[in-house]
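# Structural features, examined
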Amino acid sequence: MLNWAGNVTFRARRVHRPSTLEDLRATVAGSSRIRALGTRHSFSDVADTTADLVSLENMPPAITIDPVASTVTVAGQVRYAELAAELDAAGFALANLASLPHISVAGACATGTHGSGVRNTTLPGSVRRLDLVMADGDVRTIGRGDPGFPGVPVSLGALGVVTAVTLDVEPAYEVAQTVHLDLPVAAALDNFRELVSCAYSVCLFTDWAEQVFTQVWVIARTDEPEPKIVREPWFTAQPATRDVHPVITNSAAACTTQRGIPGRWHTRLSHFRPECTPSSGEELQSEYAVPAAHAVPALRAIAGIAEAVHPVLQICEVRTVAADDLWLSPAYGTDTVTIHFTWIPDERPVREAIRLVEECLAPFAARPHWAKLTEMSPDRVRSLYPRFDDFRSLVREYDPVGRFANPFTDRYLHDGSPA
Ligand SMILES: Cc1cc2nc3c(=O)[nH]c(=O)nc-3n(C[C@H](O)[C@H](O)[C@H](O)COP(=O)(O)OP(=O)(O)OC[C@H]3O[C@@H](n4cnc5c(N)ncnc54)[C@H](O)[C@@H]3O)c2cc1C
């Protein structure tokens, strides 16, 4: 079995597919080492194991909305696409989505997945409560305000199998998405804060062939004033007159509706439609979260290596994420700008480019995405998270026998030795 991108071959001895909570609890308690699997969209080996995998895909896909508490409780394996459609039909919405709605709620939260927007946190930032099957097969519920909670939503799968996630919801809303073409990098960086905060969600794309953001995706809520940025003299980008794909040579049929046509939140906040292949489909990815205060110098540094990265790059995307207090979140403690790279699917030269990017971003405390490729040492990664040792203690408390450990967590938590 492969991950979505085909760069990870899972080494698991067995894949369990329980269909009830009782089955799942017995499976976990009866395994010496086991790891939950989501929709396999991670590029890193975060979901891989040499022992047992457990997929919840045959478990009931429960979704329960609580209009009084403004929450939804969703089974961990449910994909955002299914959750969003059901929420919208009931008049509710999530604050944000990732670029693709194909991923599971539990899997996305476990790796700190995010979309864009200066006021929007990561997706796990919306988690109010989680139910986990623990190492002994018992179920534990932990919620906002409980001791240790900030360590749980971004868990890297190391704390237990998440069977249900309770998320904040809000009344459903509409957005309009407009893509503007060709904004010089210099103008964008000189006016960066104004640019990224001009609307609910803003994403900048470039392939670094030239010093130009080839696309600026502006998603505005229709219940908020229209972005005025288009009237600024420095904003020389022109609105696209047809829908476009971030990788301009790819078909826009896979992309959500653009051209400023208003529509429901879940039909615009992701870049890609649930029924289509997201992104380019043949690719590797890496991504770095940089404190917002360092964003402009960090992007200038990347602009300085444009010629070196361009040959192996399909597209680079810049987004924003609001600060949260989740210990392993890319935006822990600081408003953040993320710099993402969709590379060609050729690992050797891509690894070289990743090393170059990481060297270039070293002065800016750039946190690599847990689900994407990195060459950074575990020691360096740990130093970027002030609460990493607290997370380690939480793992010891939740899983003293290392039942949910895998080579990935062995590397980051214990420098390679098994838990
Ligand atoms: C085309 C593409 C576009 C992407 N776009 C974005 C983006 O816009 N923003 C972004 O931040 N990331 C993005 N990603 C990365 C993606 O969000 C992460 O890889 C995410 O973790 C995928 O979720 P999944 O369900 O596939 O989880 P998997 O990859 O299957 O697993 C990820 C982790 O979650 C754990 N896990 C899964 N289910 C459970 C469970 N029930 N209980 C406990 N742990 C569990 C696994 O053990 C593993 O550690 C993208 C990936 C792709 C392929």
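These figures come from a predicted structure and were not determined experimentally.

## Considering the pairing of strand E7 (residues 127-133)
One face of the sheet, then the other: side chains in a regular strand alternate in exactly this way. Relative to strand E9 (residues 161-168), E7 runs antiparallel, the two sharing six bridges. Among the inter-strand pairings, Asp-131 is bridged to a residue of E9, identified as Ala-164. In this sheet, strand E8 (residues 139-143) lies alongside E7 in antiparallel orientation, the contact comprising five bridges. From the neighbouring strand, Leu-132 faces E8, where its bridge partner is Arg-140. Taking the residues that link successive antiparallel strands as the turn, the E7-E8 hairpin has five residues, and the phi of Gly-137 there is positive, at about 95 degrees.

## Details of the site of the ligand
Lining the immediate surroundings of the ligand are 37 residues, of which Ala-36, Thr-39, His-41, Ser-42 and Ser-104 lie closest. Between an oxygen atom of the ligand and a side-chain N or O atom of Ser-42, the distance comes to 2.6 Å. Here an oxygen atom of the ligand sits 2.9 Å away from a polar atom, N or O, in the main chain of Gly-107. When isolated, the ligand has an accessible area of 960 Å², and the protein chains bury 99% of it. Listing elements by their share of the shell around the ligand, those giving two or more residues are strand E2 (34-37), helix H3 (105-110) and E9.

## Observations concerning the UniProt feature "domain: FAD-binding PCMH-type" (unreviewed entry) in the chain
On the UniProt side, "domain: FAD-binding PCMH-type" (unreviewed entry) is annotated at positions that read residues 8-172 here. Annotated as residues 8-172, this span is 15% helix and 27% strand, and its ends, taken at the C-alpha atoms, are 38 Å apart.

## Focus on helix H11 (residues 407-414)
Residues separated by three or four positions in an α-helix point in the same direction, a consequence of the helix having 3.6 residues per turn. Inspection of H11 places Phe-408, Thr-409, Asp-410, Tyr-412 and Leu-413 among the buried residues, and these make up the whole buried set. Of the surrounding secondary structure, the elements contacted by the buried residues of H11 are E2, helix H9 (378-383) and helix H10 (388-398). Of the residues trailing H11, Asp-415 is marked for its positive phi of about 55 degrees.

## So, the nonpolar core
Core analysis: the biggest nonpolar cluster contains 111 residues, and Tyr-80, Leu-83, Trp-343 and Trp-370 have the highest contact counts within it. If you tally residues by element for this core, the top one is helix H8 (residues 347-361), at six residues.

## Some remarks on the pattern of salt bridges
One pass over the structure, following the stated rule, counts 28 salt bridges. Taking the shortest distance from any N to any O, the salt bridge between Arg-144 and Asp-168 comes out at 2.6 Å. Of the two residues, Arg-144 sits in the loop between E8 and E9 while Asp-168 sits in strand E9, which places them 24 residues apart along the sequence. By relative accessible area, Arg-144 is classed as partly exposed at 42%. Judged by relative accessible area, which is 22%, Asp-168 ranks as partly exposed. Here Arg-319 makes a salt bridge to Glu-317, at a shortest N to O gap of 3.6 Å. For the pair Arg-319 and Glu-317, a shared accessibility class is recorded, and that class is buried. Overlapping salt bridges bring together Glu-287, Glu-317, Arg-319 and Lys-372 as one network.

## Here we look at the environment of Ala-353
As for its placement among the helices and strands, Ala-353 is situated in helix H8. The spacing of Ala-353 and Glu-194 is 159 residues in sequence and 30 Å in space, taken between C-alpha atoms. Once residues within four sequence positions are removed from consideration, Ala-353 is found in contact with Val-312 and Trp-343.

## A closer look at the sheet that holds strand E1 (residues 14-16)
Reading across the sheet, the three strands line up as E1-E3-E2 and stay open at both edges, with parallel pairing between neighbours. Looking along the sheet, the strands with just one partner apiece sit at the ends: E1 and E2. Averaged over all adjacent pairs, the angle separating strand axes in this sheet is 30 degrees, with direction ignored. Examined bridge by bridge, E2 and strand E3 (residues 52-55) share four bridges and lie parallel to one another. Across the sheet, Ala-36 pairs through a bridge with Val-54, a residue of E3.

## Some points on the packing of aromatic side chains
Evaluation of the coordinates by the stated rule reveals 13 aromatic pairs. Their ring planes at 70 degrees and their centres at 6.3 Å tell us that Trp-370 and Phe-408 sit as a pair that is edge-to-face. Here Trp-370, found in the loop between strand E19 (367-368) and H9, pairs with Phe-408, found in helix H11; they are 38 residues apart in sequence, far enough to count as distant. Across this residue pair, the class does not change: Trp-370 and Phe-408 are buried.

Cut-offs used in this document
Residues numbered from 1 in each chain as written. Predicted model: local features only at pLDDT ≥ 70, side-chain atom pairs only at ≥ 80, totals over all residues. Heavy atoms only, no water. Pairing = 2+ DSSP bridges. Helix = DSSP H or I, 4+ residues; strand = E, 2+ residues; numbered from the N terminus. Near = heavy atom within 4 Å. Polar contact = N/O pair within 3.5 Å; in protein donor to acceptor, adjacent residues only side chain to side chain. Areas by Shrake-Rupley, 256 points an atom, 1.4 Å probe, with all protein chains shown as cover. UniProt positions renumbered as here; feature names shortened; annotations may be inferred. Buried < 20%, exposed > 50% of the residue type's maximum accessible area, 1.4 Å probe, protein only. Contact = heavy atoms within 4.5 Å. Core = buried A, V, L, I, M, F, W, Y, C linked by side-chain atoms within 4.5 Å. Salt bridge = Lys/Arg side-chain N within 4 Å of Asp/Glu carboxyl O. Axes fitted to C-alpha atoms, helices over the stretch in contact; angles between N-to-C directions. Phe/Tyr/Trp six-rings, centres within 6.5 Å; stacked < 30°, edge-to-face > 60°.

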